[in-house]
Amino acid sequence: MRARPARGRQAFAWHYLRVSGVLIVALVFVHLFVMHYASLPSAATAAFVGARWAAAGWRAFDWMLLLLALTHGVVGAHAMLRDVARRPLSRTALDVTAGAVTAAFLGLGTAVILMAAPPGDRGPLSSYTWIPSLLTGGLVTIATAAYVGVLAAGAALGMRLARRDPIGRWNYPGQWMFAINRTAGAGVLGFLLVHVLDVALFPFAPDLYDRTVAAYAMPYLIPMEAGLVAAVVYHAFDGLRLMLLEALDRRASRMAAPSFIALVVLTISLSLPALAVLLGWRP
Amino acid sequence: MPAGRTVSIRVRRFDPAAGGRRLWQAYDVDAGPMMSVLDALFWVLENEDPTLAFRYSCRAGMCGSCAMVINGREGLACARRLERLRAPVTVEPLRSLPVIKDLLVDLRPFFEKYRAVDPFYIGQAASVFDPASEPAVLPRGDAAREIVDRQIDCIACGACYSACPIVSIVPEFLGPAALNRAYTVAADARDAAGVERLHRVTADGGVFACHSVGNCVTVCPVGVDPLLSIQLLRKGAVHR
Ligand code: HEM
Ligand code: FES
């Protein structure tokens, strides 16, 4: 017989991340394929989006993806931050922020998906030419933070290894799987928020939208874009691995090292085609 | 002791009386054959520094007193042989627990959480006091019993608690050892504590705080799989 577990915030997050994770997998991989294997992010111009959204099916697809990715990401990030925000006031602030971010981005995204593009390439916001610069600046900032973060972490670890100093819990494969999973989830959520903002230009200023999207071709951003593909692939497979492990009820957890190697191999091999496409390779 | 080779070990020292700074101290130990890390610590105690503090009892890998972090991995000092370790061998106290002195940690937070799950068998009052009651019958090959038999081997050394990153992030997380213990008693067909204990371990700070990192499984010196117990509790896969 099975007893009903008690409810708590952590129990809710745990269940929601799994249910939404399962539902989102197919959508995410179709999205990756369309945008990163068969095409380029910088080629997703207003004309491309307009043609795609002529089909109600694609609008429904994109809306489902937005709904699930946003709520999954916010629930995950909220649970992560709630573990470290200990004071009642900071916890309340966190709850309010999570709710506000979800409502704002879901509202904006839904409106954008439902709206038709204006005739011609100018829209009501077209005179605000600073918007593309701001969004591109945001992308460059995220990319810089990611590059500096990876280099700093690598240098810190390298120095400890060189001095034969203990490296904390990084001896354990589970630690790496966990840390990469979290970093990937948080990074993809951060990008999703910027991405909702840039797509929001489509109905309001198609010309500015095109200018923003063109920035994705900047060589400086390409490692980050490839990294995002890798992050999504890794996070998805690691999420599936966790759920499989939980479903199996066996001592599959002894498989930590082999599963970590499998995850890395899978992630690299599925991200390489996207990197090749980003670097200009065409089948 | 037969003349052996010299093995250098680096010990993370901490003395609250001497300013409370944590620093590394290196010793060159005369390592005999089959010498354990615990033996090396005794060598230091006898030959170099009588103030070195560490905990031990059985010296045979059974009591769990000597758990510490050896070359970055949690383990029992009496069960890790020097010759199998890469030198210099680093020895640190368990993580996530207050250090009292050197390698000696205060295990109170660990055992307080252990106690919080009612880590003992609670039977029905009638079956204990009523001489006419029938003893419980456990069917042969009972699947839950098989798991319980394995998981009950825990020696409460604290290695898993130290290796778990969630313990260090979430102060109220009960940790792998306590949750493993909770499963072994909750899955007992005769258990009468039931729903109450189950509610405690599935509330915040319980099994749903765990992210299945699995370091606990990697380090357990007696082959217990605390993550499996946590997974079974998450599913409510216990008798009720
Ligand atoms: C593609 C399919 C996906 C699957 C199968 C999936 C699965 C999961 C699972 C199972 C967890 C829980 C991990 C744990 O308990 O440690 C999780 C956490 C999380 N996910 Fe996803 N996810 C997916 C996509 C995404 C996307 C697109 C985002 C970003 C918007 C995202 C952001 C997060 C975040 C921030 C967490 C919290 C991380 C943590 O607490 O360690 N995930 N995901
Ligand atoms: S001293 Fe008892 S386990 Fe090491």
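Notes on the structure in this doc start here. Within each chain, residue numbers correspond to sequence positions counted from 1 in written order. The lettering of chains begins at A and the numbering of ligands begins at 1, in the order of writing. Predicted model: local features are reported for residues with pLDDT of at least 70 only, side-chain atom pairs are reported and counted for 80 or more only, and whole-chain, interface and lining totals are derived from all residues. Note that the side-chain values use all heavy atoms of the structure and ignore hydrogens as well as water.

Another aspect to go through is the overall build of chain A. Working definition: helices are DSSP H or I runs of at least four residues, strands are E runs of at least two. Numbering for both runs from the N terminus. When its secondary structure is counted, chain A shows 10 helices and zero strands. Written out in order from the N terminus, the α and β elements of chain A read α-α-α-α-α-α-α-α-α-α. Throughout, radius of gyration means the C-alpha value; the globule benchmark is 2.2 Å times the number of residues raised to the power 0.38. Computed over the C-alpha atoms, the radius of gyration of chain A is 20 Å, within 12% of the 19 Å expected from 2.2 N^0.38 for a compact globule of 283 residues. Seen through its principal axes, chain A has C-alpha atoms that stretch 60 × 50 × 40 Å. Partly exposed residues are those whose accessible area sits between 20% and 50% of the maximum for their type, while under 20% is buried and over 50% is exposed, using a 1.4 Å probe and protein chains only. A buried classification covers 45% of the 283 residues belonging to chain A. Accessible surface, chain A as shown: approximately 14,200 Å² in total, 76% of it carbon and sulfur. Under the convention used here, Asp and Glu are negative, Lys and Arg are positive, and both His and the chain ends fall outside the count. In this description, the location of a charge corresponds to atom NZ of lysine, CZ of arginine, CG of aspartate or CD of glutamate. Once the 23 positive and 12 negative side-chain charges of chain A are each reduced to a mean point, those two points are 12 Å apart. All accessibility values rest on the Shrake-Rupley procedure with a 1.4 Å probe; residue burial counts only the protein chains present in the view.

Glancing now at the packing of helix H3 (residues 56-84) of chain A against helix H6 (residues 173-199) of chain A. Residue and element names in this part refer to chain A. Their axes nearest at 10 Å, the elements H3 and H6 cross at an angle of 130°. The angle between H3 and H6 places the two elements in the oblique class. Taken as a pair, H3 and H6 cross one another with a handedness that is left-handed. Contacts from Leu 66, Ala 69, Leu 70, Gly 73, Val 74, Ala 77, Met 80 and Asp 83 of H3 reach H6 at Arg 182, Ala 186, Leu 189, Leu 192, Leu 193 and Val 196. Under the scheme applied, nonpolar residues are Ala, Val, Leu, Ile, Met, Phe, Trp, Tyr, Cys and Pro; charged residues are Asp, Glu, Lys and Arg; polar residues are all the others, including Gly. Among the residues making up the contact of H3 with H6, the classes are represented as 11 nonpolar, one polar and two charged. Only the stretch in contact is used when fitting a helix axis, every axis being a line fitted to C-alpha atoms; angles between N-to-C directions are given from 0 to 180 degrees. For classification purposes, angles smaller than 35 degrees are called roughly parallel, those larger than 145 roughly antiparallel, those between 65 and 115 roughly perpendicular, and all remaining angles oblique. For any helix crossing, the convention is left-handed if the near helix is rotated counterclockwise from the far helix by under a right angle, and right-handed if that rotation is clockwise. Two residues form a contact once any of their heavy atoms are found within 4.5 Å.

This part covers the interface of chain A and chain B. On the chain B side, the residues contacting the 37 residues of chain A number 56 residues. Throughout, the accessible surface (probe 1.4 Å) given up by two parts as they are put together, summed over both, is called the buried area. When the two sides are added together, the surface that chain A and chain B hide from each other amounts to roughly 3,900 Å², 49% of it contributed by carbon and sulfur. Basic side-chain nitrogens of Lys or Arg form a salt bridge, by our definition, when they fall within 4 Å of a carboxyl oxygen of Asp or Glu. At the boundary of chain A and chain B, one finds three salt bridges. Going through the elements one at a time, helix H1 (9-37), H3, H6 and helix H9 (222-248) of chain A are the ones with two or more residues in the side of chain A that touches chain B. A total of five residues in the side of chain A that touches chain B trace back to one element, the largest contributor, which is H1(A). For the side of chain A that touches chain B, the class distribution of residues is 13 nonpolar, eight polar and 16 charged.

Attention shifts here to the site of ligand 1. Working definition: residue near molecule or strand if any one of its non-hydrogen atoms lies within 4 Å of it. Near ligand 1 there are 24 residues, and of these A:Ile24, A:His72, A:Arg182, A:His235 and B:His211 occur at the shortest range. What qualifies as a polar contact is a pair of N or O atoms within 3.5 Å, subject to a donor-acceptor requirement within protein and to the restriction that residues adjacent in sequence count only when both atoms come from side chains. In this structure, an oxygen atom belonging to ligand 1 sits 2.8 Å away from a side-chain N or O atom of A:Arg182. Side-chain polar atom of B:His211 to an oxygen atom of ligand 1: 2.7 Å apart, as the coordinates give it. Contributions of two or more residues to the shell around ligand 1 are made by H1, H3, H6 and H9 of chain A. Taken together, the residues of the shell around ligand 1 sort by class into 14 nonpolar, eight polar and two charged.

The next subject is the layout of surface pockets. Residue and element names in this part refer to chain A. Counted as a void, the largest pocket has a volume near 1,200 Å³. A cavity, in this analysis, means grid points on a 1 Å lattice covering only the protein atoms where a 1.4 Å probe fits yet has no way out; a pocket is instead an open set bounded by protein on both sides within 12 Å along at least five of seven lines, and a residue lines either one if it has an atom within 4 Å of a point. Along its surface, the largest pocket is lined by 38 residues, and Ala 146, Val 150, Ile 180, Thr 183 and Ala 184 are the ones closest to its centre. Only helix H5 (130-162), H6, H9 and helix H10 (256-278) provide two or more residues apiece to the lining of the largest pocket. In terms of residue count, H5 provides more of the lining of the largest pocket than any other element does, 11 residues in total. By residue class, the composition of the lining of the largest pocket is 28 nonpolar, nine polar and one charged. Grid points are joined across faces, edges and corners, and a volume is the space filled by probe spheres set on the points.

Everything listed here is a matter of coordinates, which is why it stays silent on function.
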